[in-house]
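Remarks on the overall topology
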Amino acid sequence: SNIKCVLLYLAGVFLTFGHKIVVEYYNFKVNGEMVNEGSLIKYTSPTMVLCATALLCLFAKVRFKDGMKKLTATFSPYAFSVYLIHTAPFVWSKVMKNRFELYAEFNPILMLLAVFGTAIGIFLLCSLIDFVRIKIFRILKIKELSLKLEDAINNFQYKKSETTKI
């Protein structure tokens, strides 16, 4: 049910946040320094998988109106590319890392607007990058070239296996 999905999601969020606070507080008290322990904040942590599963189940039941269906159909093919681009090590370390620290100084409403605005901006920019990549690949006929290369490799392997049977 939707309520179970929301409760599972909130449980994952509170477990993650609670763990982070407790571990960092403990490290500060014991070691006298702040140690960023983020074991449950990684994408593959059990609490993140729980949150992702709960959101997937929740949004799988959502029925969109026609306008939203068109918007979703337009942008959903880019979602994975957005993830790959903005989490790539080079982009993360040179472009994203520590770029938004100033948001911590904003009041809560402005911070919320800045975070959502930035997320939308990143999504649109990465989608544009992938859109351009797709157009370049079409112009260069990369799909056709890869199919020809695949056929050539398959034919080579077939011929090689035929000669070794004799």
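Summarised in this report is the structure supplied together with it. This structure is a prediction, so every number in the text was calculated from the model and none was measured.

Scoring rules and cut-offs
- Residues numbered from 1 in each chain as written.
- Predicted model: local features only at pLDDT ≥ 70, side-chain atom pairs only at ≥ 80, totals over all residues.
- Heavy atoms only, no water.
- Helix = DSSP H or I, 4+ residues; strand = E, 2+ residues; numbered from the N terminus.
- 1 Å grid on protein atoms, 1.4 Å probe; cavity = no way out; pocket = protein on both sides within 12 Å on 5 of 7 lines; lining within 4 Å.
- Points joined across faces, edges and corners; volume = space filled by probe spheres on them.
- Nonpolar A, V, L, I, M, F, W, Y, C, P; charged D, E, K, R; others polar.
- Salt bridge = Lys/Arg side-chain N within 4 Å of Asp/Glu carboxyl O.
- Buried < 20%, exposed > 50% of the residue type's maximum accessible area, 1.4 Å probe, protein only.
- Axes fitted to C-alpha atoms, helices over the stretch in contact; angles between N-to-C directions.
- Parallel < 35°, antiparallel > 145°, perpendicular 65-115°, else oblique.
- Left-handed = near helix turned anticlockwise from the far one by under 90°.
- Contact = heavy atoms within 4.5 Å.
- Disulfide = S-S within 2.5 Å.

Here's the deal with the environment of I129
Looking at the secondary structure, you find I129 in helix α6 (residues 108-140). In this structure, the C-alpha to C-alpha distance between I129 and K20, residues 109 residues apart in sequence, is 34 Å.

Details of the layout of surface pockets
As a volume, the largest pocket reaches approximately 830 Å³. As for the largest pocket, its lining consists of 18 residues, of which W92, M96, F100, V115 and I122 are closest to the centre. Sorting the residues of the lining of the largest pocket by element identifies α5 (89-96) and α6 as the ones contributing at least two each. Among the elements that make up the lining of the largest pocket, the one with the highest residue count is α6 (six residues). Looking at the lining of the largest pocket residue by residue, the classes come out as eleven nonpolar, four polar and three charged. Taken as a whole, the second largest pocket encloses approximately 300 Å³ of empty space. Together, L55, L56 and F59 line the second largest pocket.

Some details on the pattern of salt bridges
If you walk through the whole model with that rule in mind, you get one salt bridge. The shortest N-O distance in the salt bridge between R133 and D130 comes to 2.6 Å. With a gap of three residues between them, R133 and D130 both fall in helix α6, about one helical turn apart. By relative accessible area, R133 is classed as partly exposed at 34%.

Some words on the packing of helix α1 (residues 2-31) against helix α2 (residues 46-60)
At a minimum axis separation of 8 Å, α1 and α2 run at an interaxial angle of 155°. Between α1 and α2, the angle is such that the two are roughly antiparallel. The crossing of α1 and α2 is left-handed. Contacts from N2, C5, V6, L8, Y9, G12, V13, L15 and T16 of α1 reach α2 at T47, M48, L50, C51, A54, L55, C57 and L58. Split by residue class, the contact of α1 with α2 holds 13 nonpolar, four polar and no charged.

Notes on the state of the cysteines
This structure, assessed with the given rule, holds zero disulfides. Unpaired in this structure, C5 has its nearest cysteine sulfur neighbour in C57, at a distance of 5.0 Å. A relative accessible area of 9% places C5 in the buried class. Residue classification places C57 among the partly exposed residues on the basis of a relative accessible area of 37%.

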